[in-house]
Structure formats: C-alpha cells, structure tokens
There are 2 protein chains.
Amino acid sequence: MRTSPIISHKSMTAEEAASLIRNGETVGTSGFTPAGYPKAIPIALAARAREIHAAGEEFRIQLWTGASAGDELDGELVRAHALSKRIPYQSNKDLRNAINSGEVEFVDLHLSHVAQFIRYGFIDQCTTAIVEAIDVTTDGKIYLSMAGGMSATYIKQADRVLIELNEHFLEEMKGLHDVYLPAPPPHRAAIPIYHPSDRIGVPYVQVDPKKIVGIVKTNLPDSNAEFRAPDAESDAIAGHIIDFLKHEERMGRLPKNLPFQSGVGNVANAVLCRLASTPGIDPIMMYTEVVQDSIFQLIDADRLDCASTCALTLSPKAQERFQREINLHKDRFVLRQQEMSNHPEVIRRVGIISMNTAVEIDLFGNVNSTHVLGSKMLNGIGGSGDFCRNAYISIFMTPSTAKNGNISAVVPMVTHVDQNEHSVQVVVTEQGLADLRGLSPVKKARLIIEKCAHPDYRGLLREYLDYGLENAPSKHTPHVLERAFEFHNRLAKNGSMRA
Amino acid sequence: MRTSPIISHKSMTAEEAASLIRNGETVGTSGFTPAGYPKAIPIALAARAREIHAAGEEFRIQLWTGASAGDELDGELVRAHALSKRIPYQSNKDLRNAINSGEVEFVDLHLSHVAQFIRYGFIDQCTTAIVEAIDVTTDGKIYLSMAGGMSATYIKQADRVLIELNEHFLEEMKGLHDVYLPAPPPHRAAIPIYHPSDRIGVPYVQVDPKKIVGIVKTNLPDSNAEFRAPDAESDAIAGHIIDFLKHEERMGRLPKNLPFQSGVGNVANAVLCRLASTPGIDPIMMYTEVVQDSIFQLIDADRLDCASTCALTLSPKAQERFQREINLHKDRFVLRQQEMSNHPEVIRRVGIISMNTAVEIDLFGNVNSTHVLGSKMLNGIGGSGDFCRNAYISIFMTPSTAKNGNISAVVPMVTHVDQNEHSVQVVVTEQGLADLRGLSPVKKARLIIEKCAHPDYRGLLREYLDYGLENAPSKHTPHVLERAFEFHNRLAKNGSMRA
C-alpha cells in the first residue's frame, strides 16, 4: 500500500484527470518502447474525445512520449481521432495508419535528441505531463515504473503533472531508476557514466508537489507480447554474429567487456539467446535502450553481468518474474532517462557493440530503418542512430528476403537513409555476414551481394553493379539513377522485386 | 635554427627519404584540409614512382592522411600513378578524377572516426609515417606545424617515422598544439575539454626516437588560395544566418557563448565576415576543424575570443601575418588532433552552432554533401557529420542554384545522403532561411520550397510535392520513386534541371 498523504489528498478518477486536458494541448507522457506508459487516463481521455466530437466540437492533442507506447495510449487516442501530432517514435498499427493517411503529423527523432530539443525550446513545450509511477511522496518524489523515457524532462517542463499510481508494481521495484538531467551548454560537465552500472543521479524524479494536480490509482501490467523462441532465420543471423565476434576476439580486435546494445524484435532476441547458449562466452554487460523477455535467457545462463537500459519491456509473465526476483536484479539493472541511455558521449566512451535491425540495405552500405518505398513510415528511427554512429562496432541485421521472397532486403539503392554508409560496419542476413570496414564502395557492394543477398537476387544485383561500372557517371559509387529504384518499381507494379 | 643533435644525426635528402618507402606500403601523413602536410618527400616519391614505372615495375602506396592535402602530396602522387587507395577525405582535382575513374580506391570517413578505426585495427595500419614538423628533439618530441590531423596516431602506429622539418615556420610557433590520445574502451575517461580553449595534453607528439629514420629539412609554406571578399550570394546567406541567430537570442533559445563551427569555402567565410562586421555582436569562440584567412576579419574587429581547430588553413600571406603576430595569437588558438577537434562528446557538451555547406538538399531536409548524381565523389563528408549531428543547432547552407541556374540545390530527393533529416535543423540559401525544427516532413517541404528554393524551381517542386500527396504510398513522406530523380535525369539528359 502506497501511503503518502499526497496520494489520498490528490486522488481522483481517470475521468476526472482526463477532464483537465484541453483541446489543442501538448501532453508529455512517460513510457518507452511499450513499457511504463500511462494507461487509465488515456483511455478516459479517448472516451472524452469521442463525446466531445459527438457534440460536434474539436478535440485533439499533441502527444509527446519517450518512444512507442501501448495500445491503451496510442491506439485508444488515435482511434478516437484525438491526436494531431506525435513525437518521437511509435509502433502502433492504428497510429501508423493515421500517420500515413495524413491524419496525424509525426516527427521522427533520434531518441537522444528529444530531451534537449524540448529543453532548448526547439519543439513545443508540453503543458501537462502524465506519468506512470510506483510511488509518490508528499514532498514530490516520483518513483517511475518500467521505463525512464522522457519523464524527468516532461515533468520539469509541464505546468501540471498527472500521475497514474500503478499498484501492479511492487514497492520493492523502487530504486531501479537513475535520474540525471544535464546542465545546458556551454557550461555542461562530463556525463559521469564510465561503466554501464554507474549511477549518477537519484532514484526518483523530484517535482514541486504543487504541480501534481491529480493522482489516479491503477493496477495494470504493461501489455507486451510474450517471448517466442527464435525462428530459423533469426537463429542463423545470430550464429553469424557470434562467429564474427569470436573471430574478432581471436584477431585481437575486440577488447573484453565491451557492452552490448541490442534493438527490439526477433533477431535481437535470437542474438541474446545465442549469447546465453553458446559455450565459452563470458557474462556480458548491456548498455542499451530496451531489455526484453530474452534477458532471462542470459540471467538463467548466469551470463548477465549488468544492464543499463531505458525500459524493461517485458511480457506480463516476465514482469511478474522480474518483480518476484527483484532482490536478485536490483544491483545489476539501472533504468535511465533516454537522454542518458542513448547519450553519444557515453556510447563512444564505453565502446558498445551495437546490433540493430534494417528494413533494407543497399549495395553501398546505407540502411533504411523506417520508410517503405521511401514514403510510408513504419515506426521511426528510434535509438538506432544514437547507438550505431558512436559504437565501437556497428552491426545491422535483417533476413535477406520478406513476403515469401518477393522483397529483397538488399537493394541497389535504399529509398530512405536512416543510417548511412558511415554508421554501418557489418551487415548480416541468414545468408552470411559482410564486414565492410575499410572497404571502398564497389568492394562493399561485391561483398554484400555475395555474403548477404539471397541467391535469388544475386544475379540482378551483380547486373546492376556491373551496368553501373560501365555506365554510371563515376566508378566510385556506380549508381545509375534511372535504374536505382528498379527493384522497388517492380515491387510496386508486380508485387515482387524479382525480374 | 633547429639545433637538436638528432636533426643532423638523422638528416637526409627528400630523395633518400622517399627511397625508404616500398611498393604496396601504407603511408600515414600529417596534414589536414590543406595545412601541415609533407611536401618535399611526396614530390621525391612521385619522381621515384615514375622512374620505377618507366623500368616496367609496380609502385603504388596506400595513402592515409588527416583530411585533404596540398597538390605537392595528393596531386604529385596521383599524377605519378603512385596511389592505390586513399582515406579519409581529399579535394585535389587530379585525385578526384582518379577516384572517379576507378584508378584509386577511396574510403570516405567521418574525420572523428579515423583515429579509432586505425587504432582498433579496422583499417590497415600505416607502416611509415611522414609528418611535417617545426622542430624535433633528441628525445623524440615532435612539434607539428599547421595542423593536428592524424599525426599522433600515425606516428604511434607506424614502424618508422620520416620528418619534414619545415623551417618556413618560426620556432615561436611551437606550443599551439594540444596532443591527447584517449584510452581504448571500455576503460576510457571523459575527454576533459569543457571550454574551447582547454588544453588537456602536451604541445608535441612523443615518439621513441629510434623510430625516426630520417629528417628532411624544407622551407615551404602551405599552398592555400588567398581570401577573397564574399560574393553577393554568400553575403546574402550570411545575412540570413546572422538575422536568425539574433532572432533566436531574442526568443531566449540561444544561450550566450555557444562556440561556432564553420566549414570551408566562400559561404563559411562570408558568415565569419558578417560576424566581424555586424554591429552589436560580442566576441565569439570557435570549436571547429579549420580556420581560414577570414579569421583575421574577426581578429581585426576584436571579435575572436578563442579558437579550437585542427588546422590553420591560411594563404602564404596570412601564414606570414600569423607568424609575425604569433605572441598575440598563442593564447587564443589551440590546435588539436582531429579525433579531439571533431569529438562528438565535446561537441555535444559545449553545444556548438554548426554551419556546413550542402551540395543539394531535398524537400524533406536530407543533405547530399559528397556525390554528384549519386555517383561522382567530390571531396568527402569530412567533419560535417561529426559537428552537425551533435550540434546545439545545425545549419546547412548553399546557393539555391549552380551552373547558371541549370542546377537547383533544392531537389525532390537527394541522390546521396550524408546528413539525413535528423542532422539538419536549418537550411539557408540566398533566397532565405527555413527553420525545420519540430516540423513533420510535409511542412518541412513547404517551407524549404517557399523560403529556400530559387523562384525558377518553386513551381516544379510544389508540383512534385502535390503529386506525391495524391499518388505516393503515404502522405507522411510523399515520395513517388518513379519521379524522385526527375530533376537529375533532366540534368543528365538536357544539361538543366528545368522542365
């Protein structure tokens, strides 16, 4: 039982809290890559928006979060047509459709940039912050739940703060967070994180309690899918990566104890599973933005040294286990605000091994992580750019084909560039691994074709490259613009990139 | 007179030094964006290569530098067909042609990445280092000349070191450099630069004197063009930038004392001239990679507080003045190795205003800095990516047209992405300034068209955008791939991007 006097004093229903939010407002919420987001107030707000719309009036808000949020937030509000603009990342099907139909404006941002852009006044300030918490004290200490996200900055900037006090989470979960806000340039100190487990701030967000205008009690887990065992393709990719890392270590090119960063999804999970199961691997450290259920594979194999993350994105079952074993985990997990979990300074300093997923990769090592056919937004760039640009070594991975082989992940030219050639050092598909370090563009292309492309597409890719070497304006990067998107144009026309 | 015993002891001619370099070797040299590069040994090496070729034998080296080098190095060697591969940046006409013809392999790199990629073993180690110095001591202290560049790393990695002792530079120039090499991850400390003028290392490169195999005396200035007064277009761009910065300051969005970074070329010079001549501007700090003749405009206006740079890229006349006044300049200039002048950690910490030049910019804020028609290499990405990604605010500038108006700098889609939408906050042409912060892609596009595109191209750009909003797969980034390069295809076909 959370018992601070402020809780009963400011207690209200989700409906009462939702009624405080005005049309046109900018609302900043907790939550990062669905974990730790508010649930009850958004559902009530969506209901209220529907009522207001039914009465023929306008109601839309600008929604700023940490990263993606659960359906209770993004899905409910977008289906109620209550969103006008959204930053900085999302992964909800209905929201994605509304972005692509033009109903909702979306600004895709590097996750490490969001806090500073808000503080510097480059993006609209939020007037109301809604944050999920495990506890709050009468003097204004807010203990966040499963994600650091943007909460400290939104709470600081907002005029008023609404809290969802989620009693689903044990009070013993308090203490996982490390909250630190850097001073503004030009008078900023070093970010004093030198080891993934370093704590540099306090385990709560401090706010003037007068800004807390309402506290809504809830008891709801984050709604994340359960861990599934890796499929054959993901497992093959993971195998190539483990072989590569072992080879690099033998060659003296990989120091001991570099922390890992791993994106979300099946392939990332498969790599962690392999790190847990492959003989002869020492316990690892993670300096990452999201930890998923697969973390338990490492814990069970006694191979997790420590993990710095922005969010614990766990299925309800894994949330239960994590809480049950909280005393085992408290020392080795630290939850940071996304400005710190993704900070270029720390990432370059500690020297991470970054592993992120590509939608498509081109012959010259550029990666598209976000846009289908250069146009349709999937989720957003997320933290991949923060990590890969400053990594010790940056790995991008994807199955070589999608949609029953009709889409090749290796294309002549990507239709949108999220990470360019300079941020991509190693490319891996289930076919194999291409180590692009130190290679000129044409050598990169040959290697990507032979090691990573699906055999069905190798001939077409070789033909494009050879045609370019004869006909392009330069043999350095031998693109022929008239043909650069021919794979994509075939896909749009015939439903397949095949010739 | 430089008088250390080592100088006479290891003295040799440029020809003798050149004879020590073997076919197929990797040679690392001093020099950064033509300043401080070796001159006599490369000329002798080119002559030797011609002789060897005349005798029917192979002779090519891999050449690693800091950034671009003078014609005495890049030009001489490439005309002698003595280069097989080159990193990480160049700006020599003959070398550019050889790269684009496929004779020389070129690997374009972020300048902050080069030292770590070399040290980590990701790129071939150089076996011989050739560095220009002002002095060398018998115990192996090498005092560099006009650039920090990669010298400390190449000297450390190489088996043997050749020195060009350039007596053109006064001994009083010693002390400008600050040489610091970071420890490898994961045990790295913070880079302790908190103010552009902070010195964190020593003013020389220390080497085991046994590695110094030859010292060649020279007396040659760096060959850089003289400063020309800004043309009308550059001056208009500069004017828009000054107006914008003043506006930002009034709005409380620009703290006092943010250091400036400024790329090379006419437009960058024009901005510094305006900073020197506009009433009511306080002295500025620079945290940049290159200082050109235009720095004297600031000095003469008493508006240069301090400058951290990697190179003093001055014309012979300005080199003379700088040396004559060295006692006035020593306290406010610090020359760093490029790993430090361009380090993301320091750049994000001190919060720079970055100003870089684009070749072309697309409707959605992506910048091409390097490739003509997606294929032909100009110079390379240089330091622009290091600075803009981590800047407090990132400005890209270009005249709105080139080649008598036949090329529009604003295009539907850039043909190569060096800086993507996330690293580009403000776009400026002589037409005007577009502040893209916090805007969704379509709003960015409207603003870039109306503020920055040349009036001759606005109609065509609007038509592309409107066509996309009707026909693209998504209204989020409404690209239509079949038409995305229509400006470039018209240029290739008709010599003009006009319809």
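Counting restarts for each chain, with residues numbered from 1 along the sequence as it is written. Starting at A for chains and at 1 for ligands, labels are handed out in the order in which the entities are written. Totals for whole chains, interfaces and linings use every residue, but because this is a predicted model, local features are given only for residues with pLDDT of at least 70 and side-chain atom pairs only at 80 or more, for both listing and counting. For side-chain calculations, the full set of non-hydrogen atoms in the structure is used, while hydrogens and water are omitted.

Engineer: I'd love a proper account of the overall build of chain A, names of residues and values included.
Structural biologist: Runs of E in the DSSP output that reach at least two residues are strands. Runs of H or I that reach at least four are helices, and both are numbered from the N terminus. Scanning chain A from N- to C-terminus turns up 18 helices and 27 strands. Atoms counted for the radius of gyration: C-alpha only. Globule rule: 2.2 Å times residue count to the power 0.38. Taking 499 residues into account, the globule formula puts the C-alpha radius of gyration at 23 Å, and chain A, at 23 Å, falls close to it. Projected onto the principal axes, the alpha-carbon positions of chain A cover approximately 75 × 55 × 45 Å. Evaluated residue by residue, chain A yields a buried proportion of 67% over its 499 residues. We call two residues in contact whenever any of their non-hydrogen atoms come within 4.5 Å of each other. A separation threshold of at least 6 residues defines the contact pool for chain A, and within that pool the share at least 24 residues apart is 74%. Charge counting treats Lys and Arg as positive and Asp and Glu as negative, with His and both chain ends excluded. The atom standing in for a charge is NZ when the residue is Lys, CZ when it is Arg, CG when it is Asp and CD when it is Glu. Averaging the coordinates of the 52 positive side-chain charges in chain A and doing the same for the 59 negative ones gives two points 3 Å apart. Burial classes: relative accessible area under 20% of the type maximum marks a residue as buried, over 50% as exposed, and values in between as partly exposed (1.4 Å probe, protein chains only).

Engineer: Hey, could you go over the interface of chain A and chain B for me, with residue numbers and the actual values?
Structural biologist: The interface is formed by 80 residues belonging to chain A together with 80 residues belonging to chain B. As a working definition, buried area equals the accessible area (1.4 Å probe) given up by two parts on being put together, with both sides summed. Counting each side, the surface lost to burial between chain A and chain B is near 6,800 Å², with a carbon and sulfur contribution of 52%. Note on definitions: salt bridges are taken to be side-chain nitrogens of Lys or Arg within 4 Å of carboxyl oxygens of Asp or Glu. For the pair chain A and chain B, the number of links is four salt bridges. Between Glu-345 of chain A and Arg-349 of chain B there is a salt bridge, and its shortest N-O distance comes to 3.2 Å. Polar contacts, as used here, are pairs of N or O atoms within 3.5 Å; protein pairs need one atom able to donate a hydrogen and one able to accept it. Residues neighboring in sequence count only if both atoms are side-chain atoms. On the surface where chain A and chain B come into contact, there are 36 residue pairs in polar contact (both at pLDDT 80 or more). Those elements that provide at least two residues to the side of chain A that touches chain B are α5 (93-101), β4 (105-106), α6 (114-119), α14 (344-350), β21 (376-377), α15 (384-390), α16 (441-451) and α18 (486-494) of chain A. Three classes are used: nonpolar for Ala, Val, Leu, Ile, Met, Phe, Trp, Tyr, Cys and Pro, charged for Asp, Glu, Lys and Arg, and polar for all others, with Gly counted as polar. Among the residues making up the side of chain A that touches chain B, the classes are represented as 33 nonpolar, 29 polar and 18 charged.

Engineer: Describe unusual backbone geometry, naming the residues involved and giving the relevant values.
Structural biologist: Residues apart from glycine generally show negative phi values, whereas peptide bonds are mostly found in trans. All names here are of chain A. Pro-88 follows Ile-87 through a cis peptide bond whose omega is -10 degrees. Backbone geometry places Lys-403, a non-glycine residue, at a positive phi of 50 degrees. As for its placement among the helices and strands, Lys-403 is situated in the loop between β23 (401-402) and β24 (407-408). Using a relative accessible area of 63% as the deciding quantity, one classes Lys-403 as exposed.

Engineer: Help me get a handle on helix α8 (residues 232-250) of chain B, residues and values and all.
Structural biologist: Residue pairs three or four apart in sequence face the same way in an α-helix, which turns once every 3.6 residues. Residues and elements named next belong to chain B. Multiplying 1.5 Å by the residue count of a helix minus one yields the expected span of that helix. Relative to the 27 Å expected for 19 residues at 1.5 Å per residue, α8 spans 27 Å between its end C-alpha atoms, a close match to the ideal helical length. Listed as buried for α8 are Ser-234, Ile-237, Ala-238, Gly-239, Ile-241, Ile-242, Phe-244, Leu-245 and Glu-248. Where α8 terminates, the next one or two residues include Gly-252, which has phi positive at roughly 75 degrees.

Engineer: Quick one: what's the story with α5 of chain A, residue by residue and with numbers?
Structural biologist: Residue and element names in this part refer to chain A. Residues of α5 that are buried: Leu-95, Ala-98, Ile-99 and Asn-100. For α5, the secondary structure elements touched by its buried residues are α4 (71-79), β3 (83-87), β4 and β21. With a side-chain oxygen lying 3.0 Å from the backbone nitrogen of Asp-94, the N-terminal cap of α5 falls on Asn-92. Gly-102 lies just past α5 and shows a positive phi near 90 degrees.

Engineer: Before we move on, could you go through the confidence of the model for chain A and cite the residues and values that matter?
Structural biologist: Confidence scores per residue from the predictor, reported as pLDDT, run from 0 to 100. Looking at chain A, pLDDT values average 97 and 100% of them are 70 or higher. Overall fold confidence for the complex sits at a pTM of 0.98, while the interface term, ipTM, reaches 0.97.

Engineer: Could you give me a rundown of the pattern of salt bridges, with the residues and numbers involved?
Structural biologist: Residue and element names in this part refer to chain A. The final tally for this structure, using the stated rule, is 66 salt bridges over all chains. A salt bridge links Asp-74 to Arg-86, with the nearest nitrogen and oxygen atoms 2.8 Å apart. In this pair, Asp-74 is assigned in helix α4 and Arg-86 in strand β3, connecting sequence segments 12 residues apart. Its relative accessible area of 0% is what places Arg-86 among the buried residues.

Engineer: Run through empty space enclosed by the protein, naming residues and quoting values.
Structural biologist: A cavity, in this analysis, means grid points on a 1 Å lattice covering only the protein atoms where a 1.4 Å probe fits yet has no way out; a pocket is instead an open set bounded by protein on both sides within 12 Å along at least five of seven lines, and a residue lines either one if it has an atom within 4 Å of a point. Grid points are joined across faces, edges and corners, and a volume is the space filled by probe spheres set on the points. Applying the stated rule across the entire model yields seven cavities of 30 Å³ or more. Taken together, 24 residues make up the lining of the largest cavity; nearest its centre are Val-414, His-416 and Val-417 of chain A together with Val-414 and Val-417 of chain B. Looking at the lining of the largest cavity residue by residue, the class counts come to nine nonpolar, 12 polar and three charged. The volume enclosed by the second largest cavity comes to roughly 180 Å³. Along the walls of the second largest cavity sit 17 residues, with Val-107, Asp-108 and Leu-109 of chain A together with Glu-421 and Lys-444 of chain B positioned nearest its centre. For the lining of the second largest cavity, the per-class residue count stands at eight nonpolar, five polar and four charged.

Engineer: I'd like a description of the relation of the copies chain A and chain B, backed by residues and values.
Structural biologist: All copies are superposed by least squares; the fitting set is the C-alpha atoms of residues with a pLDDT of at least 70 in both. Placing chain A over chain B gives an RMSD of 0.0 Å and needs a rotation angle of 180 degrees, together with 0.0 Å of translation along the axis. Taken together, the turn and the small shift mark the pair as related by a two-fold rotation axis. Rotation axis and chain A: the residue whose C-alpha lies nearest the axis is Glu-345 of chain A, separated from it by 2.2 Å. When the interface residues of chain A are mapped onto chain B, 100% of them are again interface residues, pointing to one common binding face.

Engineer: Can you break down the environment of Val-367 of chain B residue by residue, with the values?
Structural biologist: All names here are of chain B. Inspection of the secondary structure puts Val-367 in strand β19 (residues 367-368). Note on Val-367: relative accessible area 0%, which makes it buried. Once residues within four sequence positions are removed from consideration, Val-367 is found in contact with Ala-358, Glu-360, Ile-361, Phe-396, Val-414, His-416, Val-417, Asp-418, Gln-419 and Val-424.

Engineer: Break down the domain arrangement of chain A for me, citing the residues and quoting the values.
Structural biologist: All names here are of chain A. Here the domain parsing of chain A yields domain 1 (5-218) and domain 2 (232-291 + 352-494). On a C-alpha basis, the centres of domain 1 and domain 2 stand 33 Å from each other. Each partner contributes to the roughly 1,400 Å² buried at the junction of domain 1 and domain 2, and carbon and sulfur atoms together form 60% of this total. The tally of links between domain 1 and domain 2 comes to zero salt bridges. The interface formed by domain 1 and domain 2 includes nine residue pairs in polar contact (both at pLDDT 80 or more). Of all the elements, α5 adds the most residues to the side of domain 1 that touches domain 2, at three residues. Where each domain starts and ends comes from a domain assignment, either automatic or drawn from a database.

Engineer: Quick rundown of the pairing of strand β6 (residues 141-144) of chain A? Include the residues and the values.
Structural biologist: Residue and element names in this part refer to chain A. Alternating residues of β6 divide into Lys-141 and Tyr-143 and Ile-142 and Leu-144, and every residue in both groups is buried. Linking strand β5 (residues 128-136) to β6, which pair antiparallel, is a turn of four residues; within it Gly-140 sits at a positive phi near 90 degrees. Criterion used throughout: strands pair if DSSP finds at least two bridges between them. As judged from the two bridges shared by β6 and strand β9 (residues 205-206), these two strands associate in the antiparallel manner. Each bridged residue has a counterpart across the sheet, and for Ile-142 the counterpart in β9 is Val-205.

Engineer: Hey, could you go over the packing of aromatic side chains for me, with residue numbers and the actual values?
Structural biologist: Only Phe, Tyr and Trp rings take part, Trp by its six-membered ring, and two of them pair if their centres are within 6.5 Å. Stacked means planes under 30 degrees apart, edge-to-face means over 60, and tilted covers everything else. Inspection of the entire model under this criterion finds 15 aromatic pairs over all chains. Relative to Phe-122 of chain A, the ring of Phe-117 of chain A has its centre 5.9 Å away and its plane inclined at 40 degrees; by these criteria the two rings are tilted. In this structure, Phe-117 of chain A and Phe-122 of chain A share a single accessibility class: buried. Ring plane angle 75 degrees and centroid distance 5.6 Å describe the contact between Tyr-120 of chain B and Phe-122 of chain B, whose orientation is recorded as edge-to-face. The class of Tyr-120 of chain B is buried, set by a relative accessible area of 5%. Phe-122 of chain B sits in the buried class, given a relative accessible area of 6%.

Engineer: Lay out the pairing of strand β12 (residues 284-287) of chain A in plain terms, naming residues and giving numbers.
Structural biologist: Residue and element names in this part refer to chain A. On β12, burial covers both faces: Ile-284 and Met-286 on one face and Met-285 and Tyr-287 on the other are all buried. Alignment of β12 against strand β14 (residues 304-309), held across four bridges, turns out to be parallel. Looking across to β14, one finds that Tyr-287 is bridged to Ser-308.

Engineer: Requested: an account of the packing of α4 of chain A against α5 of chain A, with residues and values cited.
Structural biologist: All names here are of chain A. At a closest axis distance of 8 Å, the pairing of α4 and α5 adopts a crossing angle of 50 degrees. In terms of orientation, α4 lies oblique with respect to α5. Taken as a pair, α4 and α5 cross one another with a handedness that is left-handed. Along the contact surface, α4 presents Asp-74, Val-78 and Arg-79, while α5 presents Asp-94, Leu-95 and Ala-98. Classifying every residue of the contact of α4 with α5 by side-chain character gives three nonpolar, no polar and three charged. Helix axes use the C-alpha atoms of the stretch in contact, all axes being lines fitted to C-alpha atoms, and the angles between their N-to-C directions lie in the range 0 to 180 degrees. Roughly parallel here means an angle under 35 degrees, roughly antiparallel means over 145, roughly perpendicular means 65 to 115, and every remaining angle is called oblique. Crossings are classed by handedness, with left-handed meaning an anticlockwise turn of the near helix from the far one by less than a right angle and right-handed meaning a clockwise turn.

Engineer: Run through the sheet that holds strand β25 (residues 410-411) of chain B, naming residues and quoting values.
Structural biologist: Residues and elements named next belong to chain B. Pairing within the open sheet is mixed, and its three strands lie in the order β19-β18-β25. This sheet does not close on itself; its edge strands, each paired only once, are β19 and β25. Note: strand β18 (residues 360-362) against β19, two bridges, orientation antiparallel. If you follow Glu-360 over to β19, its bridge partner there is Asn-368.

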